[in-house]
Amino acid sequence: NHPDGKVFAYLALLVGIGNAGFWTIFPLILQETIANEGLIGLYYSCLAVITLFASILSTYLFTTVSKITITIWSMVTSVICMLIMTYAEQVWQIAGLDIPRAICVLLFSTCLSLFLFDFTKNKNIAVAQSRYYLFVNIGWLIGPISAGILAKYFGNQSIFLFTSFI
């Protein structure tokens, strides 16, 4: 039992760094691949619709599959997608890897938040939740800075390795 929920706050920090780093550099990679900014906007709109449906279907998934199983599979799948994205050069390759990655990140983030409620004592839930979101926001502060430095010195593709490692 984790009365303070600190473990989940630290995991949220890592997830925040990884997500923020990814979303800082990924639009630049899309811009290199897709010459039209309108098509990039269409890509993000389609990704939003797909993840919306995934979040709706996740309610069914969470009733049939354990959160531990979902967490493990989503972590492994998202890391594999990120590693393969390092070599993706075509739009269809990037989209084919980014869509499952986005769904896995959605499921993992949801599981992490649910674990916070499952493993924190009721009297400490407000403190644990506050700490959780504080660490997520710190991650979103650190992530873009780290990603920018990596992209400058190692190229934009390095963000996939960085996020996979995180």
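Residues numbered from 1 in each chain as written. Predicted model: local features only at pLDDT ≥ 70, side-chain atom pairs only at ≥ 80, totals over all residues. Heavy atoms only, no water.

Caption draft 1: Seen up close, the side chain of S158. Positionally, S158 belongs in helix α6 (residues 158–165). Apart from residues lying up to four places away in sequence, S158 is in contact with L150 and A151. (Helix = DSSP H or I, 4+ residues; strand = E, 2+ residues; numbered from the N terminus. Contact = heavy atoms within 4.5 Å.)

Caption draft 2: View of the packing of aromatic side chains. Enumeration according to the criterion identifies 11 aromatic pairs in this entry. Taken together, a centroid distance of 5.8 Å and an interplanar angle of 50° make the contact between W23 and Y44 tilted. On the criterion of sequence distance, the pair formed by W23 in helix α1 (residues 6–33) and Y44 in helix α2 (residues 37–64) is long-range, its members being 21 residues apart. What links up through ring pairs into an aromatic cluster is the set F22, W23, F26, Y43, Y44 and F160. The ring centre of F22 lies 3.9 Å from the NZ or CZ of R101, which sits over that ring. (Phe/Tyr/Trp six-rings, centres within 6.5 Å; stacked < 30°, edge-to-face > 60°. Lys NZ or Arg CZ within 6 Å of the ring centre and 35° of its normal.)

Caption draft 3: Structural detail: the packing of helix α3 (residues 67–85) against helix α4 (residues 91–119). The N-to-C vectors of α3 and α4 enclose an angle of 145°; their axes lie 8 Å apart at closest approach. Crossing hand, α3 versus α4: left-handed. Taking contact as the criterion, the partners of K67, I68, I70, T71, S74, M75, T77, S78, C81, M82, I84 and M85 in α3 are, on α4, I94, L97, D98, P100, R101, C104, L107, F108, C111, L114, F115 and D118. Along the lines of polarity and charge, the residues of the contact of α3 with α4 split into 16 nonpolar, 4 polar and 4 charged. (Axes fitted to C-alpha atoms, helices over the stretch in contact; angles between N-to-C directions. Left-handed = near helix turned anticlockwise from the far one by under 90°. Nonpolar A, V, L, I, M, F, W, Y, C, P; charged D, E, K, R; others polar.)

Caption draft 4: Expanded view of the environment of T120. Of note, T120 is situated in the loop between α4 and α5 (125–154). For T120, a relative accessible area of 4% gives the class buried. A sequence separation of 112 residues divides T120 from F8, and the C-alpha atoms of the two residues are 9.7 Å apart. (Buried < 20%, exposed > 50% of the residue type's maximum accessible area, 1.4 Å probe, protein only.)

Caption draft 5: Molecular detail of the nonpolar core. Core analysis: the biggest nonpolar cluster contains 26 residues, and F26, L30, M85, I94, I159 and F160 have the highest contact counts within it. Among the secondary structure elements, those contributing two or more residues to this core are α1, α2, α3, α4, α5 and α6. Considering every element that reaches this core, the biggest residue donor is α1, with 8 residues. For M85, the residues in contact, after removing those within four places along its chain, are F22, F26, I94, L97, D98, R101, Q157 and F160. Judged by nonpolar contacts, the second largest core, of 13 residues, contains I70, L107, C111 and A128. (Core = buried A, V, L, I, M, F, W, Y, C linked by side-chain atoms within 4.5 Å.)

Caption draft 6: How the structure looks around the pattern of salt bridges. Scanning all chains against the criterion turns up 1 salt bridge. Two residues, D98 and R101, come together in a salt bridge whose shortest N-O distance is 2.9 Å. With D98 and R101 both in helix α4, this residue pair falls 3 residues apart, about one helical turn. Its relative accessible area of 0% is what places D98 among the buried residues. (Salt bridge = Lys/Arg side-chain N within 4 Å of Asp/Glu carboxyl O.)

Caption draft 7: Quick look at the side chain of N156. The residue N156 is located in the loop between α5 and α6 in this model. Owing to a relative accessible area of 18%, N156 belongs among the buried residues under this scheme. Setting aside residues no more than four positions away along its own chain, N156 makes contact with I25, L28, I29, E32 and A151.

Caption draft 8: Fine view of α5. In a regular helix each residue adds 1.5 Å, so 30 residues correspond to 44 Å; α5 covers 41 Å between its end C-alpha atoms and thus fits that length. For α5, every residue scored as buried is listed here: A128, Y132, F135, V136, G139, G143, A147 and A151. If you follow the buried residues of α5, they end up packed against α1, α4 and α6. One or two steps after α5, the chain reaches G155, where phi turns positive at roughly 95°. (Expected span 1.5 Å × (residues − 1).)

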